[in-house]
Structures are given as structure tokens and as C-alpha cells.
Amino acid sequence: MTFNEFAGARLAAVLRFATALTGDPDLAKDLVQEVLIRVSARWQEIGQLDRPEAYIRKMVVNEYLSWRRRSWRRRSWRLIPLGMSNDLTGVPSPDPADGYIERQALLAELAKLSRRQRTALVLRYYEGFSDAEISDVMSCTQSTVRGHVFKALAALRVELDQPLPTIPPSKETH
Amino acid sequence: MEGLGRTPARTEADLRAALAELGRRAPSADDVLSALREAGSRRQRRSPPPGQLRPVGLGRVLIPRLGWRQLAVGAAAAVAAAAVALALTLGGSPGRPGGPDVFPALPNPPASAGGPPVVVSPGHHPSAASLARAMLTAFNAAGDDLAYETVTDFRAGHLIQTDRSWSWPAVPSPGQLQYVRDAFSAIPRGASQVTASVKLTEDTGYTTVVPRPSRYGQNELARLITVCYAGTGQTGCGWGRFNTPAGTWSKHTAVMPYIDHTPSPRGSDLARQIARGEWRIVGHTRLRGQRAIKLAQTHSGTIQGHPVFLWVSTATYLPLRMISVTGKFTEADNWYYLPPSKANLAHLHVPIPPGYPRSG
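Residues numbered from 1 in each chain as written. Chains lettered and ligands numbered in written order. Predicted model: local features only at pLDDT ≥ 70, side-chain atom pairs only at ≥ 80, totals over all residues. Heavy atoms only, no water.

### A word on the overall build of chain A
The helix and strand tally for chain A stands at eight helices and one strand. In chain A, the order of α-helices and β-strands from amino to carboxyl end is α-α-α-α-α-α-α-α-β. Taking all 174 residues of chain A together, 58% fall into the buried category. Considering only intrachain contacts with a sequence separation of at least 6, the fraction spanning at least 24 residues in chain A is 68%. As displayed, chain A offers around 7800 Å² of accessible surface, 51% of which is attributable to carbon and sulfur atoms. (Helix = DSSP H or I, 4+ residues; strand = E, 2+ residues; numbered from the N terminus. Buried < 20%, exposed > 50% of the residue type's maximum accessible area, 1.4 Å probe, protein only. Contact = heavy atoms within 4.5 Å. Areas by Shrake-Rupley, 256 points an atom, 1.4 Å probe, with all protein chains shown as cover.)

Structure below.
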């Protein structure tokens, strides 16, 4: 498979993943561009891997976690949390418009998580990765992954369908 | 899920849905590929051939480019500081680079900025309160978009005038640089109001720093570019104390009355009117390829005495259209919230017709 064939088939998926990761299409574009420039330069090696997309996804995550030149928190978040401006009071009701508002609020809170917590959540709930796969991508132990997920879900006030597995004691810190 | 003021009971399914929605906003792969080819070719010219596979995530190849929004914020701050000092040293037409100018050129955004709109499947009529809240949320979220509004007037079904305006950002904050363009077309004076066609009469570009809200008239330093078209029956085009004779164009930078050019009524005002019961939902329909809710103004509305209808997209919860009918006159307002891509922002530039002399 050539790099162009790979990009034509899988780039859109990588971009969707990066957008979920960063919460911002412009940042996702920058992030993926930077990764792809390195990928294209080394495609002869990366293209030979069993799962080049998984490797590239790992590059995207590492780039996202190590990207220190930008002040991510200062980026203007297009989704303004409720109550910050032009707020209204009203009687809550379960209808489609409420669903839209709630998703915007959830996305705004998602943006406030630490990058590692957010990465763990996106890999678990967007990509559907197992803890083992997430720990491989994030280069940490599975207990650390579960710690990130647990704290992030608590911050977002998300109730679990099933309780997380017990977290064995770990000395690892991130 | 619960509404405002309560702790939401969110589920993992809610989280998955929210992340899926984010994923749908991803930029176009074609845009990324073309930018990549461009960057790659630049890099190839100055870099040695690639070496061996390195561990992932190490090192950076490119200096990150500044996002256009960062440029815009920086430009706004710089403009506010430099405007007074440079106000008297202007020159050059709006379309020509070079020459000192108070207001910076429009930033160069990525073509995919903004992403696709959020898609929400309409299940049933939302309540007025929740529709209003969704509209406010959507209106706030569209604050960085380019707002495009058309106001079209018909007399007995015949088009008699149309006003097209672009304003960016769609919801500007005080202190923020605001770009506006307003193109007005009308039937030439003296021509038949029944058979003649409208003609572009006046094209104006207006750039200023948004003042703080006030109940009184405000004056702000602004740049005003006016093209007054010939052959319309008008002898000139006026804006405050500035007059531009027909068949010429002018450019002024001065303190002048501030005029809010954002679409009117604002989405937030419409949302409040809906919450107050000034509109009632009359049905679901499709408009401009989107599912939409149609509303009719009630007798408590602000535009009383004649039928007024409003369409709100259930894909974006932004207003799409308002139509009011008064006797034989019909006014149709259409609103578009466009991603601030380079192509869309190009509409803010006022083209100077060839051969038109500058008159001021």
C-alpha cells in the first residue's frame, strides 16, 4: 500500500479521531498534518507494519500529549457552556433541543479535562479500545488508564453502565 | 438528562454521542492532503532524505502555524492600539496590497474552518423553552462564523430591492474587530416598479472596533469604503457626513457613528421571543436542504398586525428565514451562518469596478 492509498482510505478516520481528541477541527488539522509529514517521510518503514493506522494513531496521541508549544487551554472554545452568556431560564423537558444543549455542555466540560484524561476517554468511548490497547497507545499501565477514565467520568458526572474493574495499587504517576 | 440548574445524570451513551458529534466536525481529508503536499514539497527542498524509523512522537518537524483565530485576536488588539496613530496616514485601495492601513488584511483561515453543522434528528416538536435554549446555545456557538443576511422586498410578487450583508464575526464582542460588507440593490430611480430589474446600487465595506453596549449613539473609529454605482438614478451615496458621487468610490478612516450590522433580529432576540411565547410552532418542514421548524408570530409578538413566519433549522438550531407580509409588500430575510473559510471571508472585500475613480 502506498502512502497516498493509505491516506485516501484512512485519513478521514484519523482526522475524526484527532478532532474528538482535541475538540477543535483546526487543531486536529494541524496535529494530523504534522504527524503525516513525518509519516510520509518514513512511509517505507511504517507501511510495512502490520497495522500502520494504529501506529499513526499512536503518533497522533503522542503528538497531542507532548504538544507544548501551544497553549491549548487558551484556545477559544466554540462551544460556550450554558450559563456563561445569553442564558435563559426555562422548564426542562426531554426533547431533541434539550439533547443538543446537553451535548454542547458535555463537550465544553470535556475540554476542561487534562489531556491524558481526555485521551483515555476518547480512546475508550470513541475508538472503543480496551484498557490494554489504551495502555499501549498511551505508554502507561492499565491501572493508570482506569485511573484516568475514572477521574474523567467523575468530573463529567457520567454514570457508568457497569462499574470499572478494581484498580490494583500502582506506584506509577502521570 | 436534566435541564439547567440541575446536575445532569449522564450516561456512557451520552458521552459516546458527544464524542461522535465531535468526530463529525473533522476537517476535510482533501484539505489536509493538499496542505500536506504543499508543506512536504517545501520541506523536501530544504531537508535531507528521510532516515530510519524513529520512535513515535519524538521531535517536531514543522513550526506550528498560527491559527487564523489567534491572528485575528492579535490583529484586533494591535488595531485598537495603532488605529489612532495611523488614522491620518492611509492610502491604497482595499484590493491592493501594500501601503499603510489602519486595518489589517483579513487573516487567512483554513478552508475547513468551522466544520460541518451538528446534526440532530428531530423527534417531535420541542417545547418553546427548550427550543429557545437550543437556539441560544447554537447562536453562541456560531459567534465566530461569518453571518450572511439577505433582506429581499417584493411588491405584488415583483422584486423591488435586496440588501445583502456579510458580517464577521457573527456575534462580535466589545473591543473586537468587526468586518462588515453591505451590498444594496434596487430598481433604478424612474424605472417601472412593476417590470424593471434591480441593479447593484451601493456597495459598502465597514470595519471598526465594536464598542461597549450603550443606549446612546456611539462614535467609533472606523474604515469606510463605498462604491457608488452609476446608472441607478442616484447622484451619490451617503454615509453620515461622507458622500460618494455615483460612478466613483471612496475610502475614509475616521470617527463615525457606529452601526450594528449583525443580522437583525439577532438569533438571541428571536430565542427570547420564543421563550416569551411570542412565536408558536406550526409545523416541521424542509428549507434549504435542512429540516426546519416553522413558527408563526403570535399576537403578542413585536411585529404585530400582519403575518410573520420564522423557520429554524433543527440541524443547527439557527434561524434560517423570516417572512413578513403587509398588504402587497412581502419582506423575506434569509440568514446563513457560514464557516469563516478563506472563500467565505472573501465576500467581505468590496470590489472596485474597473475605471471607477476614487473620489474621497
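### Some points on the state of the cysteines
All names here are of chain B. Applying the stated criterion across every chain, the model contains one disulfide over all chains. Disulfide pairing places Cys228 opposite Cys237 at an S-S distance of 2.1 Å. Taking the sign of the torsion about the S-S bond as the criterion, the disulfide between Cys228 and Cys237, at about 75 degrees, is right-handed. Accessibility classification places Cys228 together with Cys237 in one group, the buried group. (Disulfide = S-S within 2.5 Å.)

### Some details on the pattern of salt bridges
Residue and element names in this part refer to chain B. A complete count under the given rule lists 13 salt bridges over all chains for this structure. Residues Glu278 and Arg276 are paired through a salt bridge, measuring 3.0 Å at the closest nitrogen-oxygen approach. Arg276 sits in the exposed class, given a relative accessible area of 54%. (Salt bridge = Lys/Arg side-chain N within 4 Å of Asp/Glu carboxyl O.)

### Re the sheet that holds strand β4 (residues 177-186) of chain B
All names here are of chain B. The 11 strands are arranged β9-β6-β5-β4-β3-β2-β14-β13-β12-β11-β10 in an open sheet whose pairing can be described as antiparallel. Unpaired on one side and paired on the other, β9 (248-257) and β10 (279-287) mark the two borders of the sheet. Mean inter-strand twist for the sheet, computed between neighbouring axes without regard to direction, equals 15 degrees. Relative to strand β14 (residues 329-338), strand β13 (residues 319-326) runs antiparallel, the two sharing six bridges. What sits directly across from Ile323, in β14, is Ala332. Packed on one face of the sheet, helix α5 (residues 267-275) meets β10, β11 (290-297), β12 (308-313), β13 and β14 and runs near 125 degrees to β10. (Pairing = 2+ DSSP bridges. Axes fitted to C-alpha atoms, helices over the stretch in contact; angles between N-to-C directions.)

### Focus on the packing of helix α6 (residues 115-126) of chain A against helix α7 (residues 131-138) of chain A
Residues and elements named next belong to chain A. Viewed as axis vectors pointing N to C, α6 and α7 meet at an angle of 135 degrees, and their least axial separation amounts to 10 Å. Here α7 runs oblique to α6, going by the angle between their axes. For the pair α6 and α7, the sense of crossing is right-handed. Between α6 and α7, the residues in contact are Arg116, Thr119, Ala120, Leu123 and Arg124 and Asp131, Ile134, Val137 and Met138, respectively. Of the residues in the contact of α6 with α7, the class split is five nonpolar, one polar and three charged. (Parallel < 35°, antiparallel > 145°, perpendicular 65-115°, else oblique. Left-handed = near helix turned anticlockwise from the far one by under 90°. Nonpolar A, V, L, I, M, F, W, Y, C, P; charged D, E, K, R; others polar.)

### Considerations on the pairing of strand β7 (residues 236-239) of chain B
Residue and element names in this part refer to chain B. Along β7, the buried face is formed by Cys237 and Trp239; none of Gly236 and Gly238, which line the opposite face, is buried. Summarising the sheet, β7 and strand β8 (residues 242-245) pair through four bridges and their orientation is antiparallel. Note on β8: the bridge partner recorded for Gly236 is Pro245.

### Things to note about the environment of Asp131 of chain A
Residues and elements named next belong to chain A. Tracing the backbone through its elements, the reader meets Asp131 in helix α7. When the C-alpha atoms of Asp131 and Arg146 are compared, they prove to be 7.2 Å apart, with 15 residues separating the residues in sequence. Those residues in contact with Asp131, other than ones at most four positions away along the chain, are Arg124, Gln142, Val145 and Arg146.

### Some points on the packing of aromatic side chains
Residue and element names in this part refer to chain A. All chains considered together, the criterion is met by seven aromatic pairs over all chains. Look at Phe3 and Trp43: their rings are 5.7 Å apart centre to centre, the planes differ by 70 degrees, and that puts the pair in the edge-to-face class. You can see Phe3 sitting in helix α1 (residues 3-22) and its partner Trp43 sitting in helix α3 (residues 43-46), a full 40 residues away along the chain. For the residue pair Phe3 and Trp43, the accessibility class agrees, reading buried in each case. (Phe/Tyr/Trp six-rings, centres within 6.5 Å; stacked < 30°, edge-to-face > 60°.)

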